[in-house]
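Below are the chains, spelled out letter by letter.
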Amino acid sequence: PSVDLRGMRVLVVDDNSSSREIFKEMLETMFFEVAAAASAREGIAELTAADASDPFQLVLMDWQMPEMDGLKAARIIRESTRLKHPPRIILVTAYGYDLVSDQAEQAGLLGVLVKPISNSMLFDNVMHAFTEGTPEAAKKRSVEEVQSAADFTGLHVLLVEDNEINRELAGQFLRDAGITVSLAENGREAVEIVTAE
């Protein structure tokens, strides 16, 4: 993420302990500070307690939880007059996008993630939640920011990828940024190239 989002506080609300751990690990690799809650009520309590001194900027809220579902919890959070720093909320579901997308939009949520979730899906949704406009506009802006922020001319990168299509696409993307690219299909080739060059 951009420098101003690193260290952002994120709250994961999910009644499944494995999901909480997976999300926590994924988000921490993105340089976020992560806390977790096992229920909607616990999540609301965490948000309220942290609001005055160290508020959460983002909540990943599971949809189907006992006692109170994620949509109801999200509405309570968004309508709360006690929160001086209301977080942005992304809904997480294992039951399909179509089932909740309209309800999530009506509740003012900034996205819906459908399990299983990859790192790139999570990253894209979080970045979109903090970028005005469409995901396409956000992507265009992020590419422009990277290109204007750094000059990659003269940089030499070794790209190691066993999938030929991925190797070609990534190689072309790097070359388009002015980077000299060496390609390797596996770890053994990578070691030989690094040793030789």
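Scoring rules and cut-offs
Residues numbered from 1 in each chain as written. Predicted model: local features only at pLDDT ≥ 70, side-chain atom pairs only at ≥ 80, totals over all residues. Heavy atoms only, no water. Helix = DSSP H or I, 4+ residues; strand = E, 2+ residues; numbered from the N terminus. Buried < 20%, exposed > 50% of the residue type's maximum accessible area, 1.4 Å probe, protein only. Contact = heavy atoms within 4.5 Å. Areas by Shrake-Rupley, 256 points an atom, 1.4 Å probe, with all protein chains shown as cover. Phe/Tyr/Trp six-rings, centres within 6.5 Å; stacked < 30°, edge-to-face > 60°. Lys NZ or Arg CZ within 6 Å of the ring centre and 35° of its normal. pLDDT = per-residue confidence, 0-100. Salt bridge = Lys/Arg side-chain N within 4 Å of Asp/Glu carboxyl O. Expected span 1.5 Å × (residues − 1). Arc of directions from axis to C-beta.

Asker: Which parts of the structure should I look at to understand the overall build of the protein?
Answerer: The secondary structure content of the protein amounts to eight helices and seven strands. Expressed as a percentage of its 197 residues, the buried residues of the protein come to 36%. Long-range contacts, defined here as pairs at least 24 residues apart, represent 61% of the contacts in the protein between residues at least 6 apart. Carbon and sulfur atoms make up 51% of the accessible area of the protein, which totals about 11900 Å².

Asker: How should the packing of aromatic side chains be read in this particular structure?
Answerer: Any two aromatic rings considered together are summarised by their centre-to-centre distance and by the angle between their planes. Tallying each qualifying case throughout the model produces zero aromatic pairs. Sitting over the face of the ring of Phe31, Arg6 holds its NZ or CZ atom 4.7 Å from the ring centroid.

Asker: Help me out: how do you make sense of unusual backbone geometry in this one?
Answerer: Note on backbone geometry: most residues besides glycine have negative phi, and most peptide bonds are trans. The step from Lys115 to Pro116 runs through a cis peptide bond, and the omega angle for that step is 0°. Assignment of secondary structure puts Pro116 in the loop between β5 (112-114) and α5 (119-129). Phi is positive for Phe31, which is not a glycine, with a value near 70°. Relative to the helices and strands, Phe31 resides in the loop between α1 (17-29) and β2 (33-37). Phi at Glu67 is positive, roughly 70°, even though this residue is not glycine. As for its position among the elements, Glu67 is in the loop between β3 (58-62) and α3 (70-79). Under the relative-accessibility criterion, Glu67 is labelled exposed at 74%.

Asker: Whenever I open this one, the environment of Met121 confuses me. Can you help?
Answerer: Mapped onto the secondary structure, Met121 falls in helix α5. Overall, the relative accessible area of 32% leaves Met121 in the partly exposed class. Not counting residues within four places of it along the chain, the set of residues in contact with Met121 comprises Leu113, Val114 and Pro116.

Asker: Just to check I follow, could you spell out the confidence of the model for the protein for this structure?
Answerer: Low pLDDT means the predicted atomic positions in that stretch should not be read closely. Summing up the model confidence of the protein, the mean pLDDT is 84 and the portion of residues at 70 or higher is 87%. Under a pLDDT of 50 for its full length, residues 133-149 has, in the predicted model, seven contacts with residues more than four places off or in other chains.

Asker: Would you mind going over the pattern of salt bridges with me for this structure?
Answerer: Side chains carrying opposite charge are able to pair once their charged atoms draw close together. According to the stated counting rule, one finds seven salt bridges in the structure shown. In this structure, Arg9 engages Asp54 in a salt bridge whose closest nitrogen and oxygen atoms are separated by 3.7 Å. Residue Arg9 is located in strand β1 (residues 9-13), and its partner Asp54 is located in the loop between α2 (40-51) and β3; the two are separated by 45 residues in the primary sequence. With relative accessibility at 14%, the residue Arg9 sits in the buried group. What makes Asp54 partly exposed here is its relative accessible area of 37%.

Asker: Any chance you could explain α2 here in plain terms?
Answerer: If you check α2, its first and last C-alpha atoms are 16 Å apart, about what 12 residues at 1.5 Å a residue would give, namely 16 Å. Those residues of α2 that sit buried are Ala40, Gly43, Ile44, Leu47, Ala50 and Asp51. Buried residues of α2 fall within an arc of 140° about the axis and therefore sit on the same side. Here the buried face of α2 lies against β1, β2, β3 and α3.

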